[in-house]
Protein chains: 2
Amino acid sequence: MPVYSPPVKDTRFVLDAVVRLDAYANLPGFEGATPDLVSAVLEEGGKFAAEVMAPLNPVGDAQGCTRHADGSVTTPDGFKAAYDQFVAAGWPTLHAPTEFGGQGLPSAVATAIGEYFCSANHSFEMYHGLTTGAINSLLVKGTPEQKATYVPKMVEGRWTGTMNLTEPHCGTDLGLIKTKAVPNADGSYAITGTKIFISAGEHDLSENIIHLVLAKTPDAPEGSKGISLFVVPKFLVNADGSLGARNAVSCGSLEHKMGIHGNATCVMNYDGATGWLVGEENKGLAAMFIMMNDARLGVGLQGLAQAEIAYQNAVQYARDRRQGRALTGPADPAEKADTLFVHPDVRRMLMEAKALTEGLRALMLWGAVQVDLTHHAATEEDRQTADDIISLLTPVIKGYGTDKGFEVAVNCQQVYGGHGYIVEWGMEQYVRDARIAQIYEGANGVQAMDLVGRKLAQNGGRALQAFFKIIAEEVAAAKGNARTNDFAEALEKANGQLQAATMWLMQNGMTNPNNAGAGSHHYMHMMGIVAVGLMWLRMAVAAAERLDAGAEDAAWLEAKLTTARFYAERIMPDAGALRRKLEGGAESLMALPPEMFADR
Amino acid sequence: MPVYSPPVKDTRFVLDAVVRLDAYANLPGFEGATPDLVSAVLEEGGKFAAEVMAPLNPVGDAQGCTRHADGSVTTPDGFKAAYDQFVAAGWPTLHAPTEFGGQGLPSAVATAIGEYFCSANHSFEMYHGLTTGAINSLLVKGTPEQKATYVPKMVEGRWTGTMNLTEPHCGTDLGLIKTKAVPNADGSYAITGTKIFISAGEHDLSENIIHLVLAKTPDAPEGSKGISLFVVPKFLVNADGSLGARNAVSCGSLEHKMGIHGNATCVMNYDGATGWLVGEENKGLAAMFIMMNDARLGVGLQGLAQAEIAYQNAVQYARDRRQGRALTGPADPAEKADTLFVHPDVRRMLMEAKALTEGLRALMLWGAVQVDLTHHAATEEDRQTADDIISLLTPVIKGYGTDKGFEVAVNCQQVYGGHGYIVEWGMEQYVRDARIAQIYEGANGVQAMDLVGRKLAQNGGRALQAFFKIIAEEVAAAKGNARTNDFAEALEKANGQLQAATMWLMQNGMTNPNNAGAGSHHYMHMMGIVAVGLMWLRMAVAAAERLDAGAEDAAWLEAKLTTARFYAERIMPDAGALRRKLEGGAESLMALPPEMFADR
């Protein structure tokens, strides 16, 4: 019953108008991404998402994964056949380097397709999504032999990857991990310990599973400075690349979760499993963060993706369902009632969803192209700026993107009234699935602290200055045009709130770091509002340019301008309230002793 | 594993300080409610909730209800035995009139206990909760014979009640219902039709189920002016009060829902079932609204109740779980990590939960005493004012109470990190259960329109004026005191935003009613912020008075003042942003044609 139609038209608009993919056509890493190819990839990827992956989404939710007595895990009906199709069609290879069998397309293209895959089937997409991060860690930190052994098969999709960080007693605070890595005589290590919440830790989709595992060597320093990263394959790999003995790593149980039932979330037991060091000893956290940053952007994308499919279904329902009459008099007098679309409060929820999904899509794709430019921009300065911007925005894309993604999914469920609460209509699954994105890969509170406690001040605030400079320039340019002037002024005002909040944090976070912590969530949301606002400015400017040039699709472009106006009127005002909250500081927040919270 | 401890101390504080139950001791309906009795009832009710009902909450979620081939429905293991205990202990009788076997205690007391029951087990509590509303409809609109036949057994709890409004094609728009009521020769009616989403429609807890059903007589006018209310018992009742023949009403199926699995949500088939008119023909909607208003207050309470149990568990987890270090340096150097309580962003979520649960509790109990005063206040003027206030606040208690209840449950789940997403920890059930409260008994968008489109202007705005007068008087009084001055000023400011928004609606809602609709959600939230703010002012004033008088529990009273300050700093700023959004008006909201929403 749920509908899904990949938003290719909107993606194309963003790639052209916001990301300006064509401007990078001459850079390495972008050569293959001709407009025709990108269009073909979007169309075909969208089709695969809608036709193959989406029908399995409710199946995965209803059935979940099954662990058998021997520790093996079966994915829901249809997942294996769909995954084989996924691999055969080459979808895992999009963004991977050509030297390892990838197509070498820009991250921005893979991200665009990743949204479709995740909208269609969040649980299914994760099996591949985490593999991408594992590949990147191996590419950056692995030895030539490790790369040759693992990466080509992972790129192909025949092998999948995982990240193993969390243990029962620690998630955020990885310095506390207990998993041990004891050196063997041959240079490998014997890994022993228990990891929990391991997505895709065991399943029947791929021939081998390559685990990246944080563990401590016997004489490692205490805390996070004593963590190393190991690669631990489910099946050892023979010299000729064929699969060897089964390694001593197994799934102890599957977690029962609120959502993403189609993905196998495993407790993984390492019983002296053979692993190899990736990168330097005791530098495991840095190596894992390559994977983690990639994963955080991917999780932000999940927030958008769930919001998008929830939105599409809510729009459909609001067009079909007749209930009540327009406040201004019957809109369809021949019918017994008007559609939900006549009701302003239904419109409010749908316009918020429209403004946020389109704005977040632009932010995600702009972020993705910064990842590309970090590697491929023409000058060192450009590479540096891209790296600064994406470092700054990663916690915002993850934290704000998933907070808003969840909120949109909840509002779109609300459009359905009572039917939204009923499983068969599909809306409640989007809410349950979207919820995890706020939690995993660093809960959103951790993202907020990463932004405020680390990213703001890094390199003397260089990244933030670059961000503010972009806004100032584009606001100034847009003020000249009657179509975009008001929006530019609204963004300038919201950005002024963000700058004032930044100043407040600088002045008060030093004297008492709790002031920074107490305002971190609010600051992250303010930056989200401004960053998405910048995207809406670009979309408005592009729409205005095309309208001025007499573009054919005038109504669609006018709708962009209307949605930008809605964003300024209905979403940006939160920036002022968030600033006031932030400036409340830590005092009332930290005053009460914990026991007082329970004394009621 | 989940904890629940009834917040008796806080309830007592509210009943004393905010509701001032003692001030009404001389009024009819309050005589029995001596402080000692109320304390005993709260203690015992809390104990029953914690010991009998709470342990069944996860059982009900995991097991759900079962419909058998004969249409009978079995509730989860333990529910029947617990319900028998519930009846035997007299819990259903608290607020019911003594002439029908009730204890005649004030609604405020029953509401206080109702919170505990619902925190402990939302699904279980609903079987009784809806019965209360059905009793009230029968008491007001039923014939003496109907009252005598049904009410005593329903008060006792041996029979339960339901409300049957929704049909597959209509929920909010009841004018569209198709269920028919054809007169029989004996004055009864034959009821035929299908009703959906009927909570507690069929189950094994009670001996009989009394359905109140909306249907249309053969020559009824079109739309909502042609709806009548009927009482349709599952078993017909003999003249001697014993159960007679099974009526032609049955459960066709159970809905599969996101949450409240322990409550049987039924599709009910009426196949010429025998029913009797309640009240006048074609005046059924008014009769049902007696039940509905009661139910809406009850649903608001569910929002608070889910927030409360989620909060209690999050507090416990934050005290137990050690992860990371305080930003200001280790708080527990002897341990490997500090508790979650040192982290400002965890505190932010817990303080929001504390401020909102305590504030909403006060609002719910203040609302309940208005219900009492509507019937029992000494003068006609006082009865009128109480009725005005509760009419005005009912959509706010329902809409704002459940929106914030859900938000708090989500934030408290967030405190658990990954464990919050795992079923066994219990937090995700609170989120799923809390979600329904925003949807049923009139989705929150319907509440917002009830407030803005009906309640504001009713009787020339008399209710709103009364509300503003209370605020003005109490703000003025609190400004004199150093302990409460700042809070009073903050409330005055937030109320100023609400008044400005009211003015805007008056000026712009007339010319275009869509302006009222477009701002209704924001207005409802503004009024929620101010109403809960008034409660915090009262709590602050009471705490200050007691501190000045040298009360023993100084730290606890100081905590009230700190929480009030937090409320002013972190929650009230939203009022300004909501006003700005509201003043955006309907234009950008209503501009786009529905098909444009799908063109992406």
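Positions within a chain are numbered from 1, following the residues in the order the chain's sequence is written. A letter from A marks each chain and a number from 1 marks each ligand, given out in the order of writing. With the structure being a predicted model, the display of local features is reserved for residues of pLDDT at least 70 and the display and counting of side-chain atom pairs for 80 or more, all residues being used for whole-chain, interface and lining totals. To get the side-chain values, take all heavy atoms of the structure and skip hydrogens and water.

Another aspect to go through is the UniProt feature "domain: Acyl-CoA dehydrogenase/oxidase N-terminal" (unreviewed entry) in chain A. The positions that UniProt labels "domain: Acyl-CoA dehydrogenase/oxidase N-terminal" (unreviewed entry) are, in the present scheme, residues 80–157 of chain A. Taken end to end, residues 80–157 of chain A comprises 72% helix and 0% strand; its first and last C-alpha atoms sit 12 Å apart. UniProt positions are given in the numbering used here, feature names are shortened, and annotations may be inferred rather than shown by experiment. Numbering of helices and strands starts at the N terminus; helices are DSSP runs of H or I of at least 4 residues and strands are runs of E of at least 2.

Our next topic: the packing of helix 17 (residues 574–582) of chain A against helix 17 (residues 574–582) of chain B. In a packed pair of helices, the relevant descriptors are the angle between the two axes and the axis-to-axis distance. Two elements in contact, helix 17 of chain A and helix 17 of chain B, have axes separated by 8 Å at closest approach and are oriented at 175°. When the interaxial angle is binned, helix 17 of chain A and helix 17 of chain B end up roughly antiparallel. Across the interface between the two elements, A:D574, A:A577 and A:K581 from helix 17 of chain A touch B:D574, B:A577 and B:K581 from helix 17 of chain B. Here the contact of helix 17 of chain A with helix 17 of chain B is composed, by residue class, of 2 nonpolar, no polar and 4 charged. To obtain an axis, a line is fitted to C-alpha atoms, over the contacting stretch when the element is a helix, and the angle between two such axes runs from 0 to 180 degrees between their N-to-C directions. Any angle between 65 and 115 degrees counts as roughly perpendicular, while under 35 counts as roughly parallel, over 145 as roughly antiparallel, and the rest as oblique. By definition in these notes, contact holds between two residues if any of their heavy atoms fall within 4.5 Å. In this classification, the charged set is Asp, Glu, Lys and Arg, the nonpolar set is Ala, Val, Leu, Ile, Met, Phe, Trp, Tyr, Cys and Pro, and all remaining amino acids, among them Gly, are polar.

Here the focus is the pairing of strand 3 (residues 159–164) of chain A. Residue and element names in this part refer to chain A. Summarising burial for strand 3: 6 of the 6 residues are buried, a large majority. Relative accessibility under 20% of the residue-type maximum defines a buried residue, over 50% an exposed one, and the middle range a partly exposed one, all with a 1.4 Å probe and only protein chains included. The side-chain alternation of strand 3 yields two buried faces, one formed by W159, G161 and M163 and the other by T160, T162 and N164. Two strands are said to pair when DSSP picks up at least two bridges between them. Pairing between strand 3 and strand 6 (residues 208–215): 6 bridges, direction parallel. When the sheet's bridge partners are listed, G161 is paired in strand 6 with I210.

Residue and element names in this part refer to chain A. If you trace the backbone, D372 turns up in helix 9 (residues 344–376). Buried within the structure, D372 lacks any salt-bridge partner; its nearest side chain of opposite charge belongs to R538, at an N-O separation of 13 Å. Dropping the residues within four chain positions of it, D372 is found in contact with F30, H95, P106, S107, A108 and A377. All tallies of charge rest on Lys and Arg as positive and Asp and Glu as negative; His and the ends of each chain are not included. By salt bridge we mean one thing: a side-chain nitrogen of Lys or Arg within 4 Å of a carboxyl oxygen of Asp or Glu.

All names here are of chain A. For helix 1 (residues 8–17), a buried count of 8 out of 10 residues is recorded, marking the element as mostly surrounded by other parts of the structure. For helix 1, the full list of buried residues reads V8, D10, T11, R12, F13, V14, L15 and A17. Looking at the buried side of helix 1, the elements it contacts are helix 2 (35–53), helix 5 (107–120), helix 9, helix 15 (513–548) and helix 16 (554–570).

Attention now goes to empty space enclosed by the protein. Note on definitions: the grid is 1 Å and covers protein atoms alone; a cavity is a set of points where a 1.4 Å probe fits but cannot get out; a pocket is an open set with protein on both sides within 12 Å along at least five of seven lines; lining residues have an atom within 4 Å of a point. Grid points are joined across faces, edges and corners, and a volume is the space filled by probe spheres set on the points. Taken as a whole, this structure holds 3 cavities of 30 Å³ or more when the rule is applied. As a volume, the second largest cavity reaches approximately 50 Å³. Lining of the second largest cavity is provided by A:M596, A:D599, A:R600, B:D10, B:K354, B:E358, B:W556, B:A559 and B:K560. Within the residue set of the lining of the second largest cavity, elements represented by two or more residues are helix 9 (344–376) and helix 16 (554–570) of chain B. The residue makeup of the lining of the second largest cavity, split by class, is 3 nonpolar, no polar and 6 charged.

Let us now look at the pairing of strand 6 (residues 208–215) of chain B. All names here are of chain B. Counting buried residues along strand 6, 8 of its 8 residues qualify, which places the element largely inside the surrounding structure. Neither face of strand 6 is exposed, since N208, I210, L212 and L214 on one face and I209, H211, V213 and A215 on the opposite face are all buried. Sheet topology note: the strand 6/strand 7 (residues 228–233) ladder contains 6 bridges and is antiparallel. Within strand 7, the position partnered with I210 by the bridge is P233.

So, on to the interface of chain A and chain B. Often, the extent of an interface is quoted as the loss of accessible area upon association of its parts. Counting residues at the interface gives 107 residues for chain A, matched by 108 residues for chain B. A salt bridge links B:E308 to A:R600; the nearest nitrogen and oxygen atoms lie 2.4 Å apart. Throughout this description, a polar contact denotes any pair of N or O atoms lying within 3.5 Å of each other; where both atoms belong to protein, one of them has to be capable of donating a hydrogen while the other can accept it, and for residues adjacent in sequence the pair is counted only when both atoms sit in side chains. Viewed at the interface, chain B and chain A are joined by 68 residue pairs in polar contact (both at pLDDT 80 or more). The biggest single contributor to the side of chain A that touches chain B is helix 9 of chain A, with 10 residues.

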